[in-house]
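# An overview of the molecular structure
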Amino acid sequence: MNFNSNIPEGPLQNKWTDYKSKIALVSPANKRKIDIIVVGSGLAGAAAAASLGELGYNVQCFTFHDSPRRAHSIAAQGGINAAKNYQNDGDSVYRLFYDTIKGGDYRAREANVYRLAEVSANIIDQAVAQGVPFAREYGGLLENRSFGGVQVSRTFYARGQTGQQLLIGAYQSLSRQIALGNVKMYNRHEMLDVVIIDGKAKGIIARNLITGKIERFGAHAVVLGTGGYGNVFYLSTNAMGSNVTAAWKAVKRGALMANPCFTQIHPTCIPVSGDYQSKLTLMSESLRNDGRVWVPAKKEDAVAIQKGVKKGNEIPEGDRDYFLERRYPAFGNLVPRDVASRAAKIECDKGHGVSPTGLAVFLDFGSAIKRYGKSKANLLNLHDADENTIEKLGKEVVAEKYGNLFEMYEKISGENPYEQPMKIYPAVHYTMGGLWVDYNLETNIPGLFATGECNFSDHGANRLGASALMQGLADGYFVLPYTIGNFLSNEIKTPKIDVNHSAFDEAEKNVKEIISKLLSIKGNQTVESLHKKLGKIMWDYCGMSRSKEGLNKARVMVQDLRKEFWSDVYVPGTDNEFNPELEKAIRVADFIDLGELMIIDALNRNESCGGHFREEYQTEEGETLRDDSNYSYVAAWKWMDVKSEPELKKEDLKYEVVKIASRSYK
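Let us look at the structure shown here. (Residues numbered from 1 in each chain as written. Predicted model: local features only at pLDDT ≥ 70, side-chain atom pairs only at ≥ 80, totals over all residues. Heavy atoms only, no water.)

## Some remarks on the overall build of the protein chain
The helix and strand inventory of the protein chain stands at 18 helices and 19 strands. For a compact globule of 666 residues, the expected C-alpha radius of gyration is about 26 Å, and the protein chain comes in at 25 Å, within 12% of that figure. A buried classification covers 61% of the 666 residues belonging to the protein chain. When contacts within the protein chain are restricted to residue pairs at least 6 apart in sequence, long-range pairs at least 24 apart make up 75% of them. For the protein chain, the exposed surface amounts to about 25300 Å²; the carbon and sulfur share of it is 49%. Of the side chains in the protein chain, 82 bear a positive and 81 a negative charge, and the two mean positions are spaced by 2 Å. (Helix = DSSP H or I, 4+ residues; strand = E, 2+ residues; numbered from the N terminus. Rg over C-alpha atoms; globule rule 2.2 N^0.38 Å. Buried < 20%, exposed > 50% of the residue type's maximum accessible area, 1.4 Å probe, protein only. Contact = heavy atoms within 4.5 Å. Areas by Shrake-Rupley, 256 points an atom, 1.4 Å probe, with all protein chains shown as cover. Lys, Arg positive; Asp, Glu negative; His and termini not counted. Charge placed at Lys NZ, Arg CZ, Asp CG, Glu CD.)

## What about the packing of helix α15 (residues 527-542) against helix α16 (residues 548-568)?
Running from amino to carboxyl end, α15 crosses α16 at an angle of 170 degrees, the nearest separation of the two axes being 9 Å. In terms of axis orientation, α15 runs roughly antiparallel to α16. Residue-level contacts link Leu530, Lys533, Leu534, Ile537, Met538, Tyr541 and Cys542 of α15 to Gly550, Leu551, Lys553, Ala554, Met557, Val558, Leu561, Glu564 and Phe565 of α16. Its residues assigned to classes, the contact of α15 with α16 comprises 12 nonpolar, one polar and three charged. (Axes fitted to C-alpha atoms, helices over the stretch in contact; angles between N-to-C directions. Parallel < 35°, antiparallel > 145°, perpendicular 65-115°, else oblique. Nonpolar A, V, L, I, M, F, W, Y, C, P; charged D, E, K, R; others polar.)

## Brief notes about the sheet that holds strand β8 (residues 214-218)
In any sheet, the strands associate via hydrogen bonds between backbone groups, in a parallel or an antiparallel arrangement. The strand order β6-β7-β8 describes an open sheet built from three strands, whose pairing is antiparallel. The sheet is open, and its two edges are formed by β6 (189-197) and β8, each paired on a single side. Taken over all neighbouring pairs, the strand axes of this sheet differ in orientation by 25 degrees on average, direction set aside. Across eight bridges, the pairing between β6 and strand β7 (residues 200-208) is antiparallel. Of the residues in β7, the one forming a bridge with Val195 is Gly203. Packed on one face of the sheet, helix α14 (residues 502-521) meets β6, β7 and β8 and runs near 140 degrees to β6. (Pairing = 2+ DSSP bridges.)

## What about helix α1 (residues 15-22)?
The complete set of buried residues in α1 reads Lys15, Trp16 and Tyr19. The arc that holds the buried residues of α1, viewed along the axis, is 85 degrees, so those residues lie on one side. Buried residues belonging to α1 abut α5 (110-129) and α13 (468-488). (Arc of directions from axis to C-beta.)

## Quick look at the sheet that holds strand β13 (residues 320-321)
Pairing within the open sheet is antiparallel, and its five strands lie in the order β11-β15-β14-β12-β13. In this open sheet, the two strands that pair with only one neighbour each are β11 (263-269) and β13. When β11 meets strand β15 (residues 422-431), the two strands line up antiparallel, connected through four bridges. Looking at β15, one finds that Thr263 is bridged to Thr431.

## Here's the deal with the packing of helix α3 (residues 43-55) against helix α6 (residues 162-180)
Their axes nearest at 8 Å, the elements α3 and α6 cross at an angle of 30 degrees. Between α3 and α6 lies a crossing whose hand is left-handed. Side by side, α3 and α6 meet where Leu43, Ala46, Ala49, Ala50, Gly53 and Glu54 of the first sit next to Leu166, Leu167, Ala170, Ser173, Leu174, Arg176 and Gln177 of the second. Looking at side-chain class alone, the contact of α3 with α6 contains eight nonpolar, three polar and two charged residues. (Left-handed = near helix turned anticlockwise from the far one by under 90°.)

## Digging into the pattern of salt bridges
Counted according to the given criterion, the structure contains 57 salt bridges. A salt bridge links Asp105 to Arg626; the shortest N-O distance between them is 2.9 Å. In this pair, Asp105 sits in the loop between α4 (93-103) and α5 while Arg626 sits in the loop between α17 (580-604) and α18 (628-631), placing the two residues 521 residues apart along the sequence. Between Asp628 and Arg626 there is a salt bridge, and its shortest N-O distance comes to 2.9 Å. Members of the salt-bridge network, linked through shared partners, are Asp105, Arg107, Asp338, Arg342, Arg605, Glu607, Arg626, Asp628 and Arg663. (Salt bridge = Lys/Arg side-chain N within 4 Å of Asp/Glu carboxyl O.)

## Remarks on the environment of Glu645
Structurally, the position occupied by Glu645 is in the loop between β18 (633-638) and β19 (647-652). Through-space distance from the C-alpha of Glu645 to that of Ile600 is 9.6 Å; in sequence the pair is 45 residues apart. Each residue touching Glu645, except ones within four places of it in the same chain, is listed here: Arg555 and Trp639. In terms of polar contacts, Glu645 uses its side chain to reach the side chain of Arg555, at 2.9 Å. (Polar contact = N/O pair within 3.5 Å; in protein donor to acceptor, adjacent residues only side chain to side chain.)

## What about the nonpolar core?
One broad rule of soluble globular proteins: the nonpolar side chains tend to lie buried together. If you look at the biggest cluster of nonpolar residues, it comprises 188 residues, and the most contacted ones within it are Ile80 and Leu435. Not counting residues up to four positions away in its chain, the partners in contact with Leu435 are Leu224, Ala247, Ala250, Val251, Ala255, Leu256, Met257, Thr443, Ala450, Cys454, Asn455 and Phe456. If you look at the next biggest cluster of nonpolar residues, it comprises seven residues, including Ile305, Ile315, Tyr322 and Val354. (Core = buried A, V, L, I, M, F, W, Y, C linked by side-chain atoms within 4.5 Å.)

## Topic: the packing of aromatic side chains
With the rule as written, the count across this model stands at 24 aromatic pairs. Both rings, one in Tyr186 and one in Phe217, keep their centres 4.8 Å apart while their planes meet at 65 degrees; by these two values the pair is edge-to-face. Taken together, the residues span a long stretch of sequence, with Tyr186 in strand β5 (residues 183-186) and Phe217 in strand β8 at a distance of 31 residues. Summarising the burial analysis for this pair, Tyr186 and Phe217 share the class buried. Look at Phe449 and Phe487: their rings are 6.2 Å apart centre to centre, the planes differ by 70 degrees, and that puts the pair in the edge-to-face class. With a gap of 38 residues between them, Phe449 in strand β17 (residues 448-450) and Phe487 in helix α13 connect regions that are remote in the sequence. Neither Phe449 nor Phe487 differs from the other in exposure class; each is buried. Here the aromatic cluster, defined as three or more aromatic residues joined through ring pairs, consists of Trp16, Tyr19, Tyr439 and Tyr482. The positively charged end of Arg145 is found above the aromatic ring belonging to Tyr157, 3.6 Å away from the centroid. Above the plane of the ring of Tyr372 lies Arg371, whose end atom (NZ or CZ) is 5.0 Å from the centre. (Phe/Tyr/Trp six-rings, centres within 6.5 Å; stacked < 30°, edge-to-face > 60°. Lys NZ or Arg CZ within 6 Å of the ring centre and 35° of its normal.)

## Details of a nonpolar patch on the surface
Residues Leu379, Leu380 and Leu382 make up a contiguous nonpolar surface patch of about 300 Å² in total accessible area. Tracing the chain through its elements places Leu380 in the loop between α11 (366-379) and α12 (387-413). (Patch = residues over 30% accessible without salt bridge, like charges linked within 9 Å, V, L, I, M, F, W, Y side chains within 5 Å.)

## A word on unusual backbone geometry
Even without glycine at this site, Asn85 takes up a positive phi of about 55 degrees. Its place among the elements puts Asn85 in the loop between β3 (80-81) and α4. Notably, Asn88 is not glycine yet its phi reads approximately 55 degrees, a positive angle. Structurally, Asn88 can be placed in the loop between β3 and α4.

## Here we look at the state of the cysteines
Taken as a whole, this structure holds zero disulfides when the rule is applied. Cys261 provides the cysteine sulfur closest to Cys542, a residue in no disulfide bond, and the two sulfurs are 6.5 Å apart. Look at Cys542 and you get buried, because its relative accessible area is 0%. Lacking any disulfide linkage, Cys609 is separated from the closest cysteine sulfur, that of Cys261, by 6.9 Å. The exposure class assigned to Cys609 is buried, which follows from its relative accessible area of 0%. (Disulfide = S-S within 2.5 Å.)

Rendered as structure tokens:
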């Protein structure tokens, strides 16, 4: 097993260019002899499968969806970052790199982040060539908007449907390779184990979700692009099917899980409305470009709103506390997600929340509607326009920029956001932790690669908005197709992998035993109810804030829940049929184990950084208090057996270019 970051030598700005020019290659004739498995069909997986197929490799791509187009990447709304400086506002590759390092609270690997910033511009060109309908300015040039944690406009977008449009572009590329025979697509297949032969990843065991059949697939390398693990909290912005199983099965085979406690809370989600909910809905961060976040300055006004006696637009301007603008004047409403989330929690904890539960703040477009309305009126030579005309014109501009998001909010909440300010509250969204990978995106298991949100490498302790799509496509289109050759160049003499090898026998036996055990318990509790219990433990003690006392309590609770799950879960049906409850049971079992590791990791990190906020470690103003002398490292955990304690391996983070400083957005 390898545990070397393999960062190239030389100046930071030259590392990737020099490395590409010297990296080992596989000739076109030899590529035709090599098989690659790609698990996942979101932006990272689809981009990787399409690119590897285009290069001439034989690719097998797996998704548990009925179509690659159902991958959760489709849900991303606000945009994708790229350092093109189209707005001529001072952006650059270095500034995108620096913003990402700072936004991640100095807990990301410098070389990987610089490479991400460097290739970002290529992604936009690739997407435009695929026909992605990015928003354009009046003159036809691509439009940009701002996102949190930056002071430039570098986010390219397609209204509030950016993820959908980018996924369609990647899906087109993937479909072309499927039609050419370079990629074989396996829909409705879920990976349940990775097969290791002579210390290298050489295949997977997958379950056909329609028939229940356990199937074997061999390859010279395995690539995971299976997304994040936010659903460990049960309530999150993730799709219901999003899970950690593929990554966790790799952990059970010896792969390292890095920084699992680094999870992101998104500040602009529709608040929880009841115990019956199984999912939360994200409202794009792009709304913070024009929406102003506030709560009533007077507690009695907040109580009146909570009881339904008053509405937000009845609170006069002088009685509103625009708390992000007050606390962070330099960035205002566009502070990073972790900062905005904690600030909202503080106001709600003080009793100034604006929903019946008290857990919501306002996101108000009243000022933007007036501002845009006046500009539009001037454009139309209506210099003496009345307030009604200005409001009408302003709403038209806002609808053009954010219309589908406003429609979505109204359908879910029953309130018209053009007339009343939106109600938002933080919720679990993205996970910065993931499988440990080196500069090549290779895990410590040779031949096993991880891309996109599935790995840990690019965001540190907090991800800046619009960077998830950037990383997924960068890894799939512009990084992995180069770096995987470094490993495969030594595999060209390896014959086609024999799926009758004893390692496949052992892995298949392991999968069948787990399935058989789950079906045989015949307990009294549903998978859903146990998942909900896990989510509450994780949110209460390892969510937006953590403490040593709470985390110690949570670990015992999760251990007890594991015993409860394996003794009292009820999984109906059989293994040889379409059985979604069995699918969920396998995933929740993995979430329980992951949950304990997240708690262990949070206990180990005696500091606050980014999304990891330990109550014991904060400044007088309630900001994160890092401990750079003791915790400037990647925490990579080996945990193959939950009956033993996990083993911690540390990758020291060395900053050659960036000067580590206290993160300030004031």
